[in-house]
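Summary of structural features
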Amino acid sequence: LKLQFLYFIATFSPNLQKRKMPARKEKKEKKVSKKVKKEEDGEKRRKKSSYANYNTYIHRLMRKQDKKDSKVQITAKGMAIVNSFVVDLFDRLAGEAGRLTTHAQVKTLSSKAVMAAVKLQLPKELATHALAAGASAVGTFGGGDVTKPKKSKKKN
């Protein structure tokens, strides 16, 4: 039942309808050539573009959650579904944060834009849990509080 739900979400996500991003101005000086490989026959072929793969992290997270039984297994099809769900969610959050940044006419993606994107894209309860987990992760590994900026105290 859970896998059917994840498949339903992955299949009918709004990200599948490709959105057109605004065209960027091309620089005339630099031309980026696509990487090509030469085959044995001497023909050239294009290199396959790589995509994000979160399989190792998903498996590591599953192993960490189930401490009693360390032999947690998932089928390849189930892993593909969960991986596509994570990729789709990341795509949606990054796209929304980028649109918020361009709307604010700022060139740097800030943590405020990411938090606003999470609030806009995820349901209310899931967004609050995600923001709390993100703040604790940044506090643990990044050093600093994301949600509340520190106020400077003036000494007299």
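See the structure printed just above.
Residues numbered from 1 in each chain as written. Predicted model: local features only at pLDDT ≥ 70, side-chain atom pairs only at ≥ 80, totals over all residues. Heavy atoms only, no water.

1. A closer look at the nonpolar core
Residues L93, M115, V118, L122, A127 and L131 constitute the largest nonpolar core, which totals six residues. Going through the elements one at a time, α4 (111–121) and α5 (124–142) are the ones with two or more residues in this core. Those residues within four positions of V118 in sequence are excluded, and the remaining contacts are L93, A127, A130 and L131. (Core = buried A, V, L, I, M, F, W, Y, C linked by side-chain atoms within 4.5 Å. Buried < 20%, exposed > 50% of the residue type's maximum accessible area, 1.4 Å probe, protein only. Helix = DSSP H or I, 4+ residues; strand = E, 2+ residues; numbered from the N terminus. Contact = heavy atoms within 4.5 Å.)

2. Quick word on a positive patch on the surface
A cluster of basic side chains, namely R60, R63, K64 and K67, defines a positive patch on the protein surface. Note on R60: relative accessible area 47%, which makes it partly exposed. (Patch = residues over 30% accessible without salt bridge, like charges linked within 9 Å, V, L, I, M, F, W, Y side chains within 5 Å. Areas by Shrake-Rupley, 256 points an atom, 1.4 Å probe, with all protein chains shown as cover. Salt bridge = Lys/Arg side-chain N within 4 Å of Asp/Glu carboxyl O. Lys, Arg positive; Asp, Glu negative; His and termini not counted. Charge placed at Lys NZ, Arg CZ, Asp CG, Glu CD.)

3. Side note on the layout of surface pockets
In this structure, the largest pocket encloses a volume near 600 Å³. Those elements that place two or more of their residues in the lining of the largest pocket are α3 (76–103), α4 and α5. Along the lines of polarity and charge, the residues of the lining of the largest pocket split into 17 nonpolar, two polar and no charged. Its boundaries defined by the atoms lining it, the second largest pocket holds a volume of some 450 Å³. Every element with two or more residues in the lining of the second largest pocket is listed here: α2 (55–65) and α3. Per-element accounting of the lining of the second largest pocket gives the leading share, six residues, to α2. By residue class, the composition of the lining of the second largest pocket is 12 nonpolar, no polar and two charged. (1 Å grid on protein atoms, 1.4 Å probe; cavity = no way out; pocket = protein on both sides within 12 Å on 5 of 7 lines; lining within 4 Å. Points joined across faces, edges and corners; volume = space filled by probe spheres on them. Nonpolar A, V, L, I, M, F, W, Y, C, P; charged D, E, K, R; others polar.)

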